[in-house]
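Reading the structure
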Amino acid sequence: MSHAPAQSLTAAPGHPLRGSLRPPGDKSISHRAMILGLLAIGETRVEGLLEGDDVLRTAAAAKALGATVERLGEGRWRVAGVGIGGLSDPAEVLDFGNAGTGSRLMMGVVGGQPVTATFDGDASLRKRPMRRILDPILRMGAQVVSEAEGGRVPLTLRGPREAIPITYESPVASAQIKSAVLLAGLNAPGTTTLIEAAASRDHTERMLRLFGATVAVTPHGPGGHGRSIALTGQPTLRGTAVVVPADPSSAAFPLVAALIVPGSEVTIEGVMMNPLRTGLITTLIEMGGEIERLNEREEGGETVADLRVRASRLKGVDVPAERAPSMIDEYPILAVAAAFAEGETRMNGLHELRVKESDRLAAVAAGLAANGVRHAIAGDDLIVTGDGTAPRGGGTVETHLDHRIAMSFLVMGLAARDAVTVDDGAMIATSFPSFRPTMQALGAAIGG
Ligand code: S3P
């Protein structure tokens, strides 16, 4: 178990933000590139990989399980895989640090293959529920050798010689659960089917196809909001080229900063526009945010666009629960935008926020309280009320080892009446290592 020493950071209001930036590579796609690179035969070349701590942990785990993993240059990586069934027992504990996605997806991999591995992570990861992954993979033949209380890491998992193909109806619309089941299903002699009641991000399905697997996706359930995803087991995955587009979840921070800092105009380049990831943009446009999608094009099998964002007067809106899977990581920064909007913003159905890198619902509420923002939690809903002017700010926010809480409240500090401090910005390195210099280049005052 490990994490970087705490480092407090302060963001102060100041000048308008101006200029352009390209956010780092998408975290979800970067993890998957390493994992499918491991499971493929031959060479995978990745361009634009997010070199954040989370992904580097997944890269190290892929290496420990037998892949050759090499950094060729900035964001350029080469993975020589071992093929499905070719993994070896890692000599050491797989320490995933803060990374929920890396650890859970890799549990799916190990849970479907004849290998034994121990998973661990930092204090945040040690609190996060892993039963949601273990439940299906135990049905597929995996065994838990040991686990911390409540099915948490540190835990040791042993996979079967061949996985059992199952049909699994996921209790949560979670791309992590879906991906773990599909990854375990790669070593099953038959079809593994995952049913989700609402569509979650589909990067695993897309990348499995890119590597040569057969994945059939059909609408499921009332209104066709859900999906049934059927993977044909034991394919030969072949190493390929993966181009990682810019992460919309990281773009969210400069985007909201540009909306709320008066006089700003910022262009955010190459942002992935996968519709299962763009709920925040939809919501901010409904709130009156001036966001133009320019220069739409294809990059690495995804549509990307440049976003031109201008400071805007925002108004409160009702965000439907059905939108949550497409913006699940963006509620902390949306809550910050809502604090600057006129009227009430109601974010419905946020129960999953309680099991992210921190209890994000509680962490956001505490951060809003520390900075004089009117808000309430009603069941699983968060209600933020603004009057269209800058909130007081001046607070110190506890980040609970959560990178998105840190970045969200630093963005608040850029436009609040008084500076905002976060107790620890070290975790920002998990997903957006260049956050501080990138924001400073736009004119933001963020200091240690
Ligand atoms: C992710 C899925 C999401 C998200 C996480 C990344 C992924 O989790 O919160 O940051 O890459 O699959 P859930 O799908 O479990 O909500």
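Given the structure is predicted, the values throughout are model-derived calculations rather than measurements.

**Focus: the side chain of H31**
If you trace the backbone, H31 turns up in helix α1 (residues 27-39). Those residues within four positions of H31 in sequence are excluded, and the remaining contacts are D54, V55, T58, A99, T101 and G102.

**Quick look at the UniProt feature "binding site: 3-phosphoshikimate" (unreviewed entry) in the protein chain**
Sites flagged by UniProt as "binding site: 3-phosphoshikimate" (unreviewed entry) map to K27, S28, R32, S174, Q176, D329 and K356. Of the residues annotated just before, the largest pocket has K27, S28, R32, S174, Q176, D329 and K356 among its lining. By the secondary structure assignment, K27 is in helix α1. Residue K27 is classed as buried on the basis of its relative accessible area, which comes to 8%. Setting aside anything within four residues of it in sequence, one finds K27 in contact with L50, D54, V55, D247, E357, H403, R404, T430 and S431. Looking at K27, its side chain comes within polar contact range of the side chain of D54, at 3.4 Å. Within the fold, Q176 resides in helix α5 (residues 175-185). According to the relative accessible area criterion, Q176 is buried, its value standing at 13%. Discounting residues that sit within four places of it in the chain, Q176 has contacts with G100, T101, R104, L105 and I133. Among the polar contacts made by the side chain of Q176, one reaches the side chain of T101 at a distance of 2.8 Å.

**Some points on helix α2 (residues 53-64)**
In a regular helix each residue adds 1.5 Å, so 12 residues correspond to 16 Å; α2 covers 16 Å between its end C-alpha atoms and thus fits that length. Looking only at α2, the buried set comprises D54, V55, R57, T58, A59, A61 and A62. At its buried positions, α2 is contacted by α1, β4 (68-73), β5 (76-80), β6 (94-95) and α3 (100-111). Where α2 ends, the next residue or the one after it, G66, has phi of about 125 degrees, a positive value.

**Some thoughts on the UniProt feature "active site" (unreviewed entry) in the protein chain**
In this numbering, the UniProt entry assigns the feature "active site" (unreviewed entry) to D329. With respect to the helices, strands and loops of the structure, D329 is situated in the loop between β18 (318-319) and α9 (331-340). Leaving out residues up to four positions away in the same chain, D329 has contacts with R201, S249, K356, R360 and R404.

**Description of the site of the ligand**
By nearness alone, every residue bordering the ligand is listed as S28, R32, T101, S174, A175, Q176, R201, I328, D329 and K356. A distance of 2.7 Å separates an oxygen atom of the ligand from a polar side-chain atom of R32. At 2.7 Å, a side-chain N or O of D329 approaches an oxygen atom of the ligand. Relative to its unbound accessible surface of 380 Å², the ligand loses 95% to contact with the protein. Of the pockets mapped on this structure, the ligand occupies the largest pocket. Among the secondary structure elements, those contributing two or more residues to the shell around the ligand are α1 and α5. Residue composition of the shell around the ligand, grouped by class: two nonpolar, four polar and four charged.

**Some remarks on the pattern of salt bridges**
Following the criterion strictly, the structure yields 33 salt bridges and no others. For R206, the salt bridge is made with D202, and the minimal N-O distance between the two is 3.1 Å. R277 serves as the salt-bridge partner of D247, at 3.1 Å between the closest nitrogen and oxygen. Of the two residues, D247 sits in the loop between β14 (241-243) and α7 (248-260) while R277 sits in the loop between β15 (265-272) and α8 (279-286), which places them 30 residues apart along the sequence.

**Some thoughts on empty space enclosed by the protein**
Here the structure, examined in full by the defined rule, presents two cavities of 30 Å³ or more. Of the volumes computed, that of the largest cavity is approximately 60 Å³. What lines the largest cavity is P248, A251, A252, L255, V271, R277, L280, I281, L307 and E330. Those elements that provide at least two residues to the lining of the largest cavity are α7 and α8. At four residues, α7 tops the list of elements feeding residues into the lining of the largest cavity. A class-by-class count of the residues in the lining of the largest cavity yields eight nonpolar, no polar and two charged.

**Examining the packing of aromatic side chains**
To describe a pair of aromatic rings, one takes the distance between the centres and the angle between the planes. Applying the stated rule across the entire model yields three aromatic pairs. Their ring planes at 10 degrees and their centres at 5.8 Å tell us that F96 and F119 sit as a pair that is stacked. Placement of the pair is F96 in the loop between β6 and α3 and F119 in strand β7 (residues 116-120), with a sequence separation of 23 residues. As far as burial versus exposure is concerned, F96 and F119 are alike and both buried. Through a chain of ring-to-ring contacts, three or more aromatic side chains come together here, namely F253, F432 and F435.

**Looking at the sheet that holds strand β12 (residues 215-220)**
If you trace the four strands from one edge of the open sheet to the other, you get β10-β11-β13-β12, paired in mixed fashion. Sheet topology places β10 (167-169) and β12 at the edges, where each strand pairs with a single neighbour. Between one strand and the next, the sheet's axes are offset by a mean angle of 15 degrees, whatever the strand orientation. Where β12 lies against strand β13 (residues 226-232), six bridges are found, and the strand directions are antiparallel. Bridging across to β13, A216 finds its partner in A230.

The rules behind these values
- Residues numbered from 1 in each chain as written.
- Predicted model: local features only at pLDDT ≥ 70, side-chain atom pairs only at ≥ 80, totals over all residues.
- Heavy atoms only, no water.
- Helix = DSSP H or I, 4+ residues; strand = E, 2+ residues; numbered from the N terminus.
- Contact = heavy atoms within 4.5 Å.
- UniProt positions renumbered as here; feature names shortened; annotations may be inferred.
- 1 Å grid on protein atoms, 1.4 Å probe; cavity = no way out; pocket = protein on both sides within 12 Å on 5 of 7 lines; lining within 4 Å.
- Buried < 20%, exposed > 50% of the residue type's maximum accessible area, 1.4 Å probe, protein only.
- Polar contact = N/O pair within 3.5 Å; in protein donor to acceptor, adjacent residues only side chain to side chain.
- Expected span 1.5 Å × (residues − 1).
- Near = heavy atom within 4 Å.
- Areas by Shrake-Rupley, 256 points an atom, 1.4 Å probe, with all protein chains shown as cover.
- Sits in = over half its atoms within 2 Å of the grid points.
- Nonpolar A, V, L, I, M, F, W, Y, C, P; charged D, E, K, R; others polar.
- Salt bridge = Lys/Arg side-chain N within 4 Å of Asp/Glu carboxyl O.
- Points joined across faces, edges and corners; volume = space filled by probe spheres on them.
- Phe/Tyr/Trp six-rings, centres within 6.5 Å; stacked < 30°, edge-to-face > 60°.
- Pairing = 2+ DSSP bridges.
- Axes fitted to C-alpha atoms, helices over the stretch in contact; angles between N-to-C directions.

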